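# Coordinate analysis (summary)
Listed here are the chains, written in short residue letters.
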Amino acid sequence: MEFLVASGVGVMTAAGIYLMLRGRTFPVVLGLAMITYAVNVFLFATGRLTLDRPPVLNGAEAYTDPLPQALVLTAIVISFGMSALVVVLALRSYLESGGDEIDVIGEAEVARRIERDGVSGPEARR
Amino acid sequence: MNHWILAPVILPALVAPLIVLAMRHDLGLQRIFSLAATLALAAVAVGLTLSAASHPPQVYQLGNWPAPFGIVLVLDRLSALMVLMTALLALAALFYAITSGWDARGRHFHALFQFQLMGVCGAFLTGDVFNLFVFFEVLLIASYGLMLHGGGAARLKAGMQYVVINLAGSTLFLFAVGAIYAVTGTLNMADLAVKAPLVAPADAALLRVGGLLLLLVFAVKAALVPLHFWLPGAYGQAPAPVAALFAIMTKVGAYSILRVYTLIFGAGAGDAAWLAQDWLLPAALVTLALGTAGILGARSLTPLVCFSVIASMGTVLIGVGLFTQTATVAALYYMIHSTFAAATLFLIAELVCARRGAMAGRLNAAPPLAQGDLMAGLFFLGAIAMAGMPPLSGFLGKLMVLAGAQGRPDTALVWAVILVTSLLTIIGFARAGSVLFWKTAKSEGEAAAAQAWPAGPVIAAGATLAALAALTVFAGPVETYLEATAAQLYAPSGYIEAVLGQGALAAR
């Protein structure tokens with residue numbers, strides 16, 4: 001079970017990092033979502049993986065650590081809110097600028113595009 | 001228990017929803033309540049600082065749960081100082097926002113502003129690493145809204161980058177917190193300081209990994225090279241009063257580094273002692289050099305100011321990275337200075353840009369600007385402060401950092417970097433100033449229409465300058481306070497016993 005969880009977290013983090021390094025907002029948003037899933041599972045596992053144990057100290061020998069569950073709940077709430085925000089922001093940025101590149105195009109590049117393609121200013125910023 | 005410790009968190013947390021729910025259609029009321037709340041925050045911060053100066057660290061247990069189980073807020077000299085700085089800076093920024101009409105260019109400015117204050121004050125006061133994460137998120141969520149205030153395509157693009165890099169940072173924070181919790185079983189800072197040296201040798205590497213991941217997170221916040229890329233875009237595109245308030249946000253990173261790496265990973269941490277030392281100083285030196293290169297290379301006023309903020313963070317973190325008591329005093333003094341200097345410059349930059357019309361901040365010759373003498377004078381003072389020339393406090397701060405770096409094998413390197421970058425910063429600001437105010441082109445077409453400029457924003461910029469002047473004049477008392485602050489940081493037993501009770505260190 002440890003191997004399965006650990007490799008699951010690892011693969012998901014790797015995929016998340018790869019997607020986050022892409023140049024357009026959609027993969028970046030997906031990557032962020034994936035990496036937050038990975039970190040939630042990771043946090044959950046920091047209390048050690050135990051099966052069928054109560055999350056309270058009731059005199060029993062073995063118990064599940066309840067704190068990571070509380071932490072993970074907080075983290076899920078925050079990351080859910082953040083994902084919603086980043087989706088809205090990506091959409092708004094796409095609608096306002098007409099492109100979904102993460103990069104900000106510099107003034108020099110805009111001037112070069114206007115020269116090269118003979119397009120208008122707003123057109124060249126896309 | 002001193003209940004006032006909770007006030008800097010709870011006051012903005014109550015006022016912000018009140019503004020959203022009860023007065024969202026009435027800007028006048030919003031302004032009154034926001035200003036009153038910030039004034040009250042400043043008053044509370046003054047009281048807390050006086051209290052911290054005369055008492056050992058004080059603890060507020062939320063819900064009266066005893067320390068390692070419940071969340072605690074801790075008021076010591078450092079956190080009181082940071083809260084006071086936040087409140088004073090917020091007053092100036094808020095006054096600028098109201099008088100310049102920035103708060104009317106979008107919705108919910110004042111609510112977001114209060115939430116931002118709540119997050120920043122909470123981050124300074126909390127004594128729990130996970131709670132620090134939560135307050136980081138609070139201040140970040142509010143800062144996203146503030147940064148995007150006013151809208152526009154360029155601001156949205158820069159905002160998108162800012163949000164993404166901070167979300168990645170938050171994820172890293174969670175990984176670090178998870179790794180630390182997995183080996184120590186606690187997230188209370190004082191308890192971590194007790195447990196860190198007791199970690200089994202097999203787990204020591206994991207603790208160090210967690211500790212260094214945490215350093216990366218704080219480095220993102222503090223704009224330490226190579227994690228500084230987000231700053232020029234985000235601060236440059238943010239409205240001026242927001243950028244001025246954001247001057248405190250980089251200091252949240254510096255504060256966290258100082259707190260975590262003296263308390264948890266300090267002298268008593270066994271294998272993980274002084275974990276940040278090997279990495280912080282070289283990175284800070286590069287940050288200073290790179291920020292200065294940015295000042296020289298900037299082709300517009302606002303990026304110039306942004307890079308000067310990066311450079312000044314470099315100087316602060318050099319002081320922190322030396323990890324000695326005298327260097328920490330210097331770092332704290334320079335941190336106060338750099339916060340107000342950065343805020344001043346952001347405000348002045350916008351005043352200048354507004355008066356240059358279509359040329360805005362571009363460093364090319366343009367027709368003379370309205371109120372040129374006043375603007376030139378303000379810019380001159382701001383530049384003196386940021387470059388660290390006498391008579392303002394930047395000079396004293398840099399002198400203290402230089403003195404703090406004495407007697408080390410790499411003293412020559414540190415001195416060379418600080419002195420050379422100071423010279424280059426002076427050149428960069430002198431070049432910008434002479435282009436902006438002296439090299440004026442003949443006005444083509446109609447002269448700039450005579451316009452009545454409101455006095456309020458200029459007064460706000462003057463107020464931050466006055467704070468710098470006060471910091472210079474009262475350098476003696478401030479240094480006395482900071483010396484006791486550094487002493488408290490380097491003798492963490494007082495902090496630990498305040499949180500966990502007497503005898504907590506016996507386990508060590």
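Model, not experiment: these values are computed from the prediction.

Conventions and cut-offs
- Residues numbered from 1 in each chain as written.
- Chains lettered and ligands numbered in written order.
- Predicted model: local features only at pLDDT ≥ 70, side-chain atom pairs only at ≥ 80, totals over all residues.
- Helix = DSSP H or I, 4+ residues; strand = E, 2+ residues; numbered from the N terminus.
- Contact = placed C-beta atoms within 7 Å.
- Nonpolar A, V, L, I, M, F, W, Y, C, P; charged D, E, K, R; others polar.
- Axes fitted to C-alpha atoms, helices over the stretch in contact; angles between N-to-C directions.
- Left-handed = near helix turned anticlockwise from the far one by under 90°.
- Buried ≥ 20, exposed ≤ 12 C-beta atoms within 10 Å, placed from the backbone.
- Domains from an automatic or database assignment.
- Core = buried A, V, L, I, M, F, W, Y, C linked by C-beta atoms within 7 Å.
- Parallel < 35°, antiparallel > 145°, perpendicular 65-115°, else oblique.
- Expected span 1.5 Å × (residues − 1).

### Quick notes on the overall build of chain A
Check the secondary structure of chain A and you find five helices and zero strands. Reading the secondary structure of chain A in the N-to-C direction produces α-α-α-α-α.

### Considerations on the interface of chain A and chain B
Contact residues are listed per partner, giving 26 residues for chain A and 23 residues for chain B. Contributions of two or more residues to the side of chain A that touches chain B are made by helix 2 (25–45) and helix 3 (66–97) of chain A. When residues in the side of chain A that touches chain B are grouped by element, the largest group, 14 residues, is from helix 3 of chain A. When grouped by side-chain class, the residues that make up the side of chain A that touches chain B number 18 nonpolar, six polar and two charged.

### Here we look at the packing of helix 12 (residues 301–321) of chain B against helix 15 (residues 393–404) of chain B
Residues and elements named next belong to chain B. Orientation of helix 12 relative to helix 15, taken along the N-to-C sense of each, is 35 degrees, at an axis distance of 10 Å. Relative to helix 15, helix 12 is oriented so that their crossing is left-handed. For the pair formed by helix 12 and helix 15, the contact residues are Thr-315, Ile-318 and Gly-319 on the first element and Lys-398, Val-401 and Gly-404 on the second. Across the contact of helix 12 with helix 15, the residue classes tally to two nonpolar, three polar and one charged.

### Some remarks on unusual backbone geometry
Residues and elements named next belong to chain B. Backbone torsion omega between Val-225 and Pro-226 reads 5 degrees, so that peptide bond is classified as cis. Its location among the elements puts Pro-226 in the loop between helix 8 (204–222) and helix 9 (230–237). With an omega of 10 degrees, the peptide bond between Pro-390 and Pro-391 qualifies as cis. Here Pro-391 is to be found in the loop between helix 14 (372–387) and helix 15. Phi is positive for Phe-323, which is not a glycine, with a value near 50 degrees. With respect to the helices, strands and loops of the structure, Phe-323 is situated in the loop between helix 12 and helix 13 (325–355). What makes Phe-323 buried here is the crowd of 21 C-beta atoms within 10 Å.

### Considerations on the environment of Leu-413 of chain B
Residue and element names in this part refer to chain B. With respect to the element layout, Leu-413 can be found in helix 16 (residues 411–437). On the neighbour-count criterion, Leu-413 (14 C-beta atoms within 10 Å) is partly exposed. Remark: the alpha-carbon pair of Leu-413 and Leu-285, spanning 128 residues in sequence, is separated by 9.0 Å.

### Quick notes on the domain arrangement of chain B
All names here are of chain B. Domain boundaries assigned for chain B yield domain 1 (1–274) and domain 2 (276–443 + 453–473). At the interface, 32 residues of domain 1 touch 36 residues of domain 2. Mapped onto the side of domain 1 that touches domain 2, the elements with two or more residues apiece are helix 3 (77–100), helix 8, helix 9 and helix 10 (240–263). Of all the elements, helix 10 adds the most residues to the side of domain 1 that touches domain 2, at eleven residues. By residue class, the composition of the side of domain 1 that touches domain 2 is 26 nonpolar, five polar and one charged.

### Focus: helix 9 of chain B
Residue and element names in this part refer to chain B. Burial of helix 9 is extensive: seven of the eight residues sit out of reach of the surface. Among all positions in helix 9, only Leu-231, Pro-232, Gly-233, Ala-234, Tyr-235, Gly-236 and Gln-237 are buried. For helix 9, the secondary structure elements touched by its buried residues are helix 5 (129–147), helix 6 (153–184), helix 10 and helix 12.

### Brief notes about the nonpolar core
Residues and elements named next belong to chain B. Counting 230 residues, the largest nonpolar core has Leu-89 and Ala-244 as the members making the most contacts within it. At 20 residues, helix 13 tops the list of elements feeding residues into this core. Split by domain, the residues of this core number at least three in each of domain 1 (1–274) and domain 2 (276–443 + 453–473). Those residues within four positions of Leu-89 in sequence are excluded, and the remaining contacts are Leu-245, Ala-247, Ile-248, Thr-339, Phe-340 and Ala-343.

### Remarks on the packing of helix 2 of chain A against helix 3 of chain A
Residue and element names in this part refer to chain A. The geometry of helix 2 relative to helix 3 is characterised by a closest axis approach of 9 Å and an angle of 180 degrees between their N-to-C directions. Taken together, helix 2 and helix 3 sit at an angle that is classed as roughly antiparallel. Between helix 2 and helix 3, the contacting residues are Thr-25, Val-29, Leu-32, Ala-33, Thr-36, Val-39, Asn-40, Leu-43 and Phe-44 on the first element and Pro-68, Leu-71, Val-72, Ala-75, Ile-76, Ser-79, Ser-83, Val-86, Val-87, Ala-90, Ser-93 and Tyr-94 on the second. Considered class by class, the residues forming the contact of helix 2 with helix 3 number 15 nonpolar, six polar and no charged.

### Details of helix 13 of chain B
Residues and elements named next belong to chain B. When the terminal C-alpha atoms of helix 13 are compared, their 45 Å separation across 31 residues agrees well with the 45 Å that a helix rising 1.5 Å per residue should span. Most of helix 13 is tucked away, with 27 of its 31 residues classed as buried. Looking at the residues trailing helix 13, positive phi occurs at Gly-357, about 65 degrees.

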